[in-house]
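This is what each chain is made of:
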Amino acid sequence: MPEPNHTPGRPAPPDPATLKQLQARHYLHSEHDFRVFRELGPVIIVRGEGSTVWDSEGRAYLDAQGGLCLVNIGYGRRELAEAAAEQMAELPYYHTYWRFSNRPAVELAARLAEIAPPGLETVYFTPGGAEAVEVAIKLARAYHRARGEVQRYKILAFENGYHGSTFGALSASGLAPHRDPFGPLVPGFVHVPPGDLDALAATLEREGPETVAALLAEPIPAVGGVTVPPEGYWPAVRELLDRHGILLIADEVLTGFGRCGGLWCLQDVFGVTPDLLATAKGLTSGYLPMGATLCHRRVVQALEEAGMPFLHGHTYGGHPVAARVALGAIDILLRERLPERAAILGERLMAAFRATGNPHFAEVRGKGLLIGIPLATDGRPWPQGSQFRVEAECFRRGVIIGVCPYTPVILLTPPLVLTEAEADRLVEVVDAAVRAVAPAVWGG
Ligand SMILES: Cc1ncc(COP(=O)(O)O)c(C=O)c1O
């Protein structure tokens, strides 16, 4: 049988062993850890279908990480491949600077406005998530400037938030190991503890609320530990910010497009409307790179009324092929009612994890199919780094899971099309893997 990506008439692709040698020699990975790479070796994924991916040696894995928390509609959707090919033949590229645009980008903006939280009717497209966050930060500052409040520049963000790797997004992120190697970072960002209204109010008081432009936050910080805020937190935050004229920016790069059991996490799970919403990942389910910043009409109106241009741009913003694929991915997501499915399956999955009685699961928490399991034994949290042992053990058993990089928490974000049988297998493998590595973690 030919290799799955082998086009007849072209030379065969390199064999798996050669590919891995090339990877080791030429590839600098995202979050590349040289020691781990040497110890565990490279992995090359070559094919996907539903919630399963195959590596270059033909081994199948249940992908409970959903790529990088984004393949919401699952792998192998042929209709998206066909839509992309059709668009590429018709118009592969046109930019969206000044007054130019292309048909799929405009259609997608209108479609997003239809399904967005109320009032968020203008869309700015970016190549990915971090850039969508950058745009939201810039628009928040521009909004206040347009209204004559030039002193409002500070951006509040959560201590365990993750917003991307570009400098603005990184400065907003609170995860110290991610930030520290690259300082000095961008000034004007102030970090607050997540889920704590009193601490937020005290920070506002200390900083001077009239100097604060926005709070930028994930509705549920994911990479930072899946810390679900207490009941009533988000409505109270919205009220506090409104009292001081401060904008709310939702980072829904990961939580958007059904992940948390509603289309939007802040709006549909917590009942709160943001002023700006940065998203990416589930927008195309990873079939092509694309991000978007959804803007409330009052933010855009303020710029327009002040005659203030928005001097920001990305060559690949509003890419027609990505936009066409996003339209198809959104159709699938809504047609198959995948946000609702995430809500139901998420509850079932969390109940099944609790029912294992695993003594090392401190808690099973989350919303929809964003699930976090902190690891602790007899009340003692596992040492930082030990979560990677669980990940490696699951991988050895044919299941790819995510883990929070800086805190010992398992992070599960499977495709929303995960079947019930796959969910059962996930629980079984994670439970067994945690029990298997626990003695070594505690030096047994
Ligand atoms: C909440 C959140 N914001 C922003 C980003 C950055 O997105 P990207 O990697 O597309 O730049 C991520 C990526 O994981 C994320 O989880």
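Residues numbered from 1 in each chain as written. Predicted model: local features only at pLDDT ≥ 70, side-chain atom pairs only at ≥ 80, totals over all residues.

## A word on the pairing of strand β12 (residues 370-374)
- Counting buried positions over the five residues of β12 gives five, a clear majority of the element.
- Here β12 shows two buried faces, one formed by Leu-370, Gly-372 and Pro-374 and the other by Ile-371 and Ile-373.
- Relative to β12, strand β11 (residues 365-367) runs antiparallel, the two being bridged by three bridges. Note on β12: the bridge partner recorded for Gly-366 is Ile-371.
- Linking two consecutive strands that pair antiparallel, namely β11 and β12, is a turn of two residues; a positive phi of about 60° is found at Gly-368 within it.
- As paired strands, β12 and strand β17 (residues 409-412) are joined by four bridges and run antiparallel to one another. Residue pairing for β17: Gly-372 is matched across the bridge by Leu-411. (Buried ≥ 20, exposed ≤ 12 C-beta atoms within 10 Å, placed from the backbone. Helix = DSSP H or I, 4+ residues; strand = E, 2+ residues; numbered from the N terminus. Pairing = 2+ DSSP bridges.)

## A closer look at the site of the ligand
- Of all residues adjacent to the ligand, which total 14 residues, the nearest are Gly-128, Gly-129, Ala-130, Gly-164 and Val-253.
- If you tally residues by element for the shell around the ligand, the top one is helix α6 (residues 129-146), at three residues.
- Across the shell around the ligand, the residue classes tally to eight nonpolar, four polar and two charged. (Near = placed C-beta within 6 Å. Nonpolar A, V, L, I, M, F, W, Y, C, P; charged D, E, K, R; others polar.)

## Quick notes on the domain arrangement of the protein chain
- By domain assignment, the protein chain separates into domain 1 (43-73 + 337-441) and domain 2 (79-335).
- Averaged C-alpha coordinates put domain 1 and domain 2 at centres separated by 27 Å.
- Looking at the side of domain 1 that touches domain 2, the elements that each hand over two or more residues are α3 (66-69), α14 (338-355), β11, β12 and β17.
- Here the side of domain 1 that touches domain 2 gets five residues from one element, more than from any other, and that element is α14.
- Taken together, the residues of the side of domain 1 that touches domain 2 sort by class into 17 nonpolar, eight polar and two charged. (Domains from an automatic or database assignment.)

## Section: helix α16 (residues 420-441)
- Compared with an ideal rise of 1.5 Å per residue, which puts 22 residues at 32 Å, α16 spans 31 Å between its outermost C-alpha atoms and is within 8% of the ideal.
- Buried residues of α16: Glu-422, Ala-423, Leu-426, Val-427, Val-429, Val-430, Ala-433, Val-434 and Val-437, and no others.
- Here the buried face of α16 lies against β3 (60-63), α14, α15 (387-396), β15 (399-400) and β17.
- Immediately downstream of α16, the backbone of Gly-443 shows phi near 80°, a positive value. (Expected span 1.5 Å × (residues − 1). Contact = placed C-beta atoms within 7 Å.)

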